[in-house]
Amino acid sequence: MIPFSVLDLSPIAEGGDAAQSLRNTLDLAQHADRWGYQRYWLAEHHGMPGIASAATAVVIGHVAAGTSRIRVGAGGIMLPNHSPLVIAEQFGTLESLFPGRIDLGLGRAPGSDQVTARALRRDLNANPDEFPQDVVELMHYFGPVTEGQRVRAVPGAGLNVPVWILGSSLFGAQLAAELGLPFAFASHFAPAQMMQAIDIYRSRFKPSAQLGRSYVMLGFNVFAADTDEEGRLLSTSMQQAFVNLRSGRSSRLQPPVADYAERLGPPERAILAQTLSCAAAGGPDTVRHGLQDFIARTGADELMITSQIFDHKARLRSYEITAGVQATGAA
């Protein structure tokens, strides 16, 4: 049995708003806390009408305050959008408020389009190779203050907030291995290089003060329901979201549509076949087999389950079924 965790993008459903989405996020987190999930992560995206977690650290505080056991963190903070010191202060504050429960996952994508990235005041001419140096600088702020150190994170210094590297390519795998950090791969939406990234990370991993052995967490989509037919129907909201995003029509999460994929042309079907190859949709047995096969194929140390489902009650039920699969040891 391996741990299961939750990735929540705080989806804004058609007909809803961000306030409702954030209430749903807290409700799901409280259920996940009781159901035994290991951690609850939120992601930084900007300018996307269907995602309410742009102010990620604020939402993490909201979730952590309303839960008691589950670890809460970022999956992730897009570090090129911020100075390392600001993130150290934010997550030092969160760790001070909720000691031993905060995770910090870091990515190097902007989490937005270029126009929005410019509005975030990023230096669009920055070299992406600076990301490793920014990670090291950020980790330094979490360490003990050294004699003569002029810049320090208050709060943050000495708190050693656990840092993860996120990735959807080989770059993140190489960096996580070199720094001896846990690695979370975005196989829930970009699985193409998953197996190669896992191999690179594990083969090149160097133990560190934070982590003695390699640790891989993989994203996996689950659309679980009481029947296979219902589970497949629920998955069509996510299918629409992927097609709309890749077509430049980012939107709020749409209601499910029966036989949605069958209505698409070959290019759109190819998008779904590639992006949703790490997914299980159906009743409990179908989901169990999907999880078992994925874990056996990848050797994952932990799964980050994401369930972009239009109806909140159906989303809760999906995570409840998935927790039951994990609790029985079947996964």
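Reading guide: rules and limits
- Every chain is numbered on its own, with residues counted from 1 as its sequence reads.
- In view of the model being predicted, local features appear only for residues whose pLDDT reaches at least 70, and side-chain atom pairs are presented and counted only at 80 or more, with totals across whole chains, interfaces and linings using the full set of residues.
- The side-chain figures draw on all heavy atoms in the structure; neither hydrogens nor water molecules are used.
- Here, axes are lines fitted to C-alpha atoms. For helices the fit covers the stretch in contact, and angles between N-to-C directions go from 0 to 180 degrees.
- Runs of H or I in DSSP of at least four residues are treated as helices and runs of E of at least two as strands, each being numbered from the N terminus.
- These descriptions rest on fixed angle ranges, namely under 35 degrees for roughly parallel, over 145 for roughly antiparallel, 65 to 115 for roughly perpendicular, and the rest for oblique.
- Residues count as neighbours in contact if any of their non-hydrogen atoms are within 4.5 Å of one another.
- In this count, Pro and Cys sit with the nonpolar residues alongside Ala, Val, Leu, Ile, Met, Phe, Trp and Tyr, while Asp, Glu, Lys and Arg are called charged and the others, Gly among them, polar.
- Partly exposed describes any residue whose relative accessible area lies between the buried limit of under 20% and the exposed limit of over 50%, with all areas from a 1.4 Å probe on protein chains only and scaled to the type maximum.
- For a crossover, the right-handed case is the one in which the path from the first strand over the helix to the second runs clockwise, viewed with the strands pointing away from the viewer.
- A strand pair is defined by DSSP finding two or more bridges across the two strands.

J.: Tell me about the packing of helix α2 (residues 56–65) against helix α3 (residues 84–97), residues and numbers included.
T.: Direction vectors running N to C along α2 and α3 enclose 0°, while the axes themselves pass 10 Å from each other. As the angle between them shows, α2 and α3 are arranged roughly parallel. Residues Ala57, Ile60 and Gly61 of α2 lie in contact with α3, whose contacting residues are Gln90, Phe91 and Leu94. Classifying every residue of the contact of α2 with α3 by side-chain character gives 4 nonpolar, 2 polar and no charged.

J.: Tell me about the pairing of strand β4 (residues 102–107), and name the residues and values.
T.: For a regular strand, side-chain orientation follows a simple rule: the groups alternate between the two sheet faces. Within β4, 6 of the 6 residues are buried, which leaves the element mostly enclosed by the surrounding structure. Neither face of β4 is left uncovered, since the one carrying Ile102, Leu104 and Leu106 and the one carrying Asp103, Gly105 and Gly107 both have all their residues buried. Considered for its hand, the β-α-β crossover made up of strand β3 (residues 71–78), α3 and β4 is right-handed. Two strands pair when backbone bridges link them, and β4 and strand β5 (residues 163–167) are joined in this way by 3 bridges, in the parallel orientation. For Leu104, the partnering residue across the bridge sits in β5 and is Val163.

J.: How would you sum up the pairing of strand β9 (residues 302–306)? Please name residues and give values.
T.: Of all 5 residues in β9, 5 are buried; the element is thus mostly enclosed. Residues Glu302, Met304 and Thr306 line one face of β9 and the alternating positions Leu303 and Ile305 line the opposite face, and both faces are buried. The pairing of strand β1 (residues 4–8) with β9 spans 3 bridges and is parallel. Bridging from a neighbouring strand, Ser5 pairs with Met304 of β9. In the sheet, strand β7 (residues 216–224) pairs with β9 via 5 bridges, with the strands oriented parallel. Counterpart to Phe220 in the pairing with β9 is Ile305.

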